[in-house]
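# Secondary and tertiary structure notes
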Amino acid sequence: MVFNNGKVSSKWHLIKIGCFIGGILFSLGLSLVSTGMLAQPTSQPPPLPVAAIHSMPPTLTQWKGGSNLSNSDNYFDQIQSTDIGYLVWSQFPIQVYRQPVPGKEALPFDRQQAEQWWNAVNQAVEEWSMYLPCRVTEKPEQADILLWRSPPPMRLGSNGQLPRFRTAETHYELYLRHLPNQSPTLTHRMTIRIRPNQSPVYLLATARHELGHALGIWGHSLLETDALFFSQVRHPPAISQRDVNTLIRIYQQPTRLGWSVPLSSAPQ
Ligand SMILES: [Zn+2]
C-alpha cells in the first residue's frame, strides 16, 4: 500500500523543484524486515500495536527557543498522520547513515560534488541534532535514516504522466525490530535521496528540509520562512521557531511506532 500524499502531493505537482514524501506499509507487497537485516516476506500482516504517546526527548521538552513566538505558532494542521500514526522516533540518538564520498578513482568533478553533498548533509544533521539527538553511523543496516547521493527514482504522477524534475525524496518503510526476550517492536526506517548537482546553498536547504520530513514533519509549511516550506526559495531559511514548534506538537501525538506487537500474535 502506498500512501496517498493528499494535498502535499498535489502541491508538489505545481512546483518546479520540490520533494516527494511517501511511505509504504507492509500489508501489500512489501517485506517485513526482521532484526533490521533480512527481509522476510509475509502474507499475513501482523496486528499493529496500540497507538500511544511517547515521552518527548529532553532536547524538545527543554527547548525554549530564541523568539517571542508562542508554541501555538506552528503548521501542525499541515502535518499528515498515517495508518500507523505520527512518524515520531522514540529511541535516541537516531542513527543516520550518509553515503560516503567516493575514493580517488572517481572523477574530480564527481568527487567535488560528492564532498559538497557530504558537507551539506553533515551540517543538516548537526542542525537538527539540537532538537532530536542524531548520531552518524557507517553501517547502513543499523541506520534509522539513510541518506543517498542520488536522484529520486522516476514516479508517475496521479494523472499517469511523468513528473517534473525533483531534487529529493523521502520515504519510509516499516519493519519489526527483534530484541532478545522481548516482543518485537514496530519500527520505521526513512530513506532520503538527494541529487548532488545543486549549489552548496541549495544542497544544505534540501538536506535540512528532507531531514525535517525524516524526523517526523510529514507535511509542508505554507510560509517560505520555514525550512519545511514546500518549495525552494532564493534565500533558504534556517530551521525556524515554527519548524521546532511543529516538531514539538508532532512529538506530543500518539503513534503505533516504537511500541510492541502483542506477544501472542507476533510473527517469529
Ligand atoms: Zn518536502
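Residues numbered from 1 in each chain as written. Predicted model: local features only at pLDDT ≥ 70, side-chain atom pairs only at ≥ 80, totals over all residues. Heavy atoms only, no water.

To continue, consider the overall build of the protein. Looking only at helices and strands, the protein has five helices and eight strands in total. Of the regular secondary structure in the protein, the N- to C-terminal order runs α-β-β-β-α-β-α-β-β-β-β-α-α. Per-residue burial over the protein gives 50% buried out of 268 residues. Surface exposure of the protein reaches about 13200 Å², of which carbon and sulfur atoms provide 55%. (Helix = DSSP H or I, 4+ residues; strand = E, 2+ residues; numbered from the N terminus. Buried < 20%, exposed > 50% of the residue type's maximum accessible area, 1.4 Å probe, protein only. Areas by Shrake-Rupley, 256 points an atom, 1.4 Å probe, with all protein chains shown as cover.)

Two strands pair when backbone bridges link them, and strand β4 (residues 94-98) and strand β5 (residues 134-137) are joined in this way by four bridges, in the parallel orientation. Paired with Y97 across the two strands is T137, which belongs to β5. After leaving β4, the chain enters helix α3 (residues 108-129) and then returns to the sheet as β5, a path that is right-handed. (Pairing = 2+ DSSP bridges. Right-handed = clockwise from strand over helix to strand, strands pointing away.)

As enumerated under the stated definition, the model contains seven salt bridges in all. The salt bridge involving R166 is made with E169; its shortest N-O contact spans 3.1 Å. For the residue pair R166 and E169, the accessibility class agrees, reading buried in each case. Linked by salt bridges that have partners in common, D73, D226 and R242 make up one network. (Salt bridge = Lys/Arg side-chain N within 4 Å of Asp/Glu carboxyl O.)

Further remarks concern the confidence of the model for the protein. Overall, the prediction assigns the protein a mean pLDDT of 82, with 77% of residues at 70 or greater. Every residue in residues 1-17 scores below 50 in pLDDT, and together they form 44 contacts with partners more than four places removed in sequence or on other chains. Note on residues 25-42: pLDDT is under 50 here. Beyond four places in sequence and across chains, it has 44 contacts. (pLDDT = per-residue confidence, 0-100. Contact = heavy atoms within 4.5 Å.)

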